[in-house]
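# Fold and contact review
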Amino acid sequence: MQLIMQGASGVPQPLPEGDNFIHTGPMGDCVSIIVLYSYDAKRYGSARGWHGLGGAQVVNMAAMMVGVPNMAITQVIIIPGSLQQSDYARSQNMAHVNAGLGAHGNVNVRYVAGRSQATVDRQGLVT
């Protein structure tokens, strides 16, 4: 599945059951956030993503976390675009995501820098 670039009025895009990959598409000042959950010892049964037009602050983290278990095996993957690679941007992106996790304090938050686009599979591999 290819994520559609969305602003603050967007919605999380669920990965269809028959699809094994979420592609962020090219990102400059955008940040994509992928949530993987319901792990069955082989793969994540559920995944959703948001390609945030302009950065992480447009991603509605409450909507991203609806129905997601608060477990350490759950992954929240932050992938910043090429213009979001500074330490300041990283700090702001992490702060937005962490503030939006609410009651999901046990999930595993990963920050994958150094890319202008990425693909995430159902095993949590980012390429």
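Heads up: the structure comes first, above all this text.
Residues numbered from 1 in each chain as written. Predicted model: local features only at pLDDT ≥ 70, side-chain atom pairs only at ≥ 80, totals over all residues. Heavy atoms only, no water.

## Concerning the pattern of salt bridges
Spelled out, the test is: Salt bridges are defined as contacts in which a side-chain nitrogen from Lys or Arg sits within 4 Å of a carboxyl oxygen from Asp or Glu. Counting from the N terminus, the helices are the DSSP runs of H or I reaching at least four residues and the strands are the DSSP runs of E reaching at least two. Burial classes follow relative accessibility: with a 1.4 Å probe on protein chains only, a residue under 20% of its type's maximum area counts as buried, one over 50% as exposed, and anything between as partly exposed.
Evaluation of the coordinates by the stated rule reveals 1 salt bridge. Arg 43 is paired through a salt bridge with Glu 17; the nearest N and O atoms lie 2.7 Å apart. Of this pair, Arg 43 sits in the loop between β4 (31-39) and β5 (44-52) while Glu 17 is found in the loop between β2 (13-14) and β3 (21-23), placing the two residues 26 residues apart along the sequence. Of the residues examined, Glu 17 reaches a relative accessible area of 54% and is grouped as exposed.

## A word on the nonpolar core
Here is the rule: Residues belong to a common nonpolar core when they are buried Ala, Val, Leu, Ile, Met, Phe, Trp, Tyr or Cys residues joined through side-chain atoms within 4.5 Å. In this analysis, two residues are considered to be in contact whenever any of their non-hydrogen atoms come within 4.5 Å of each other.
Judged by nonpolar contacts, the single largest core of 18 residues is most densely connected at Ile 33, Met 61, Met 65 and Val 76. Of all the elements in the fold, those that place two or more residues in this core are β4, α1 (61-65) and β6 (75-80). With 4 residues, the top contributor of residues to this core is β4. Sequence-distant contacts of Ile 33, that is, excluding residues within four places in its chain, are made with Arg 48, Gly 49, Trp 50, Ala 56, Val 59, Met 61, Met 64, Val 76, Ile 77 and Val 97. Core analysis: the second largest hydrophobic core is formed by 16 residues, Ile 22, Met 27, Ile 34 and Val 126 among them.

## Concerning the environment of Ile 79
Locating Ile 79 in the fold gives a position in strand β6. The buried category is assigned to Ile 79, whose relative accessible area is 0%. Sequence spacing of Ile 79 and Val 59 is 20 residues, and the spatial spacing of their C-alpha atoms is 12 Å. In this view, Ile 79 contacts Thr 24, Met 27, Val 31, Ser 32, Ile 34, Val 112, Ala 118, Val 120 and Val 126; residues no more than four positions away in its chain are not counted.

## A closer look at the environment of Tyr 111
Put simply, the rule reads: By the criterion applied in these results, polar contacts are pairs of N or O atoms within 3.5 Å in which, for protein atoms, one can donate a hydrogen and the other can accept it, and in which residues neighboring in sequence qualify only through two side-chain atoms.
For Tyr 111, the position within the fold is in strand β7 (residues 108-111). Tyr 111 sits in the buried class, given a relative accessible area of 14%. Put simply, Tyr 111 and Val 59 are 52 residues apart on the chain and 15 Å apart in space, counted from C-alpha to C-alpha. With residues near it in sequence (within four places) discarded, Tyr 111 still touches Ile 78, Pro 80, Gln 84, Ala 89, Arg 90, Asn 93 and Met 94. Among the polar contacts made by the side chain of Tyr 111, one reaches the side chain of Asn 93 at a distance of 3.1 Å.

## A few points about the pairing of β7
Definition in use: Following DSSP output, two strands are said to pair if at least two bridges run between them. Looking down the strands as they point away from the viewer, one classifies a crossover as right-handed if the path from the first strand across the helix to the second runs clockwise.
The pairing of β6 with β7 spans 4 bridges and is classified as parallel. Bridged to Ile 77 within β7 is Arg 110. Running through helix α2 (residues 87-100), the crossover from β6 to the neighbouring parallel element β7 is right-handed.

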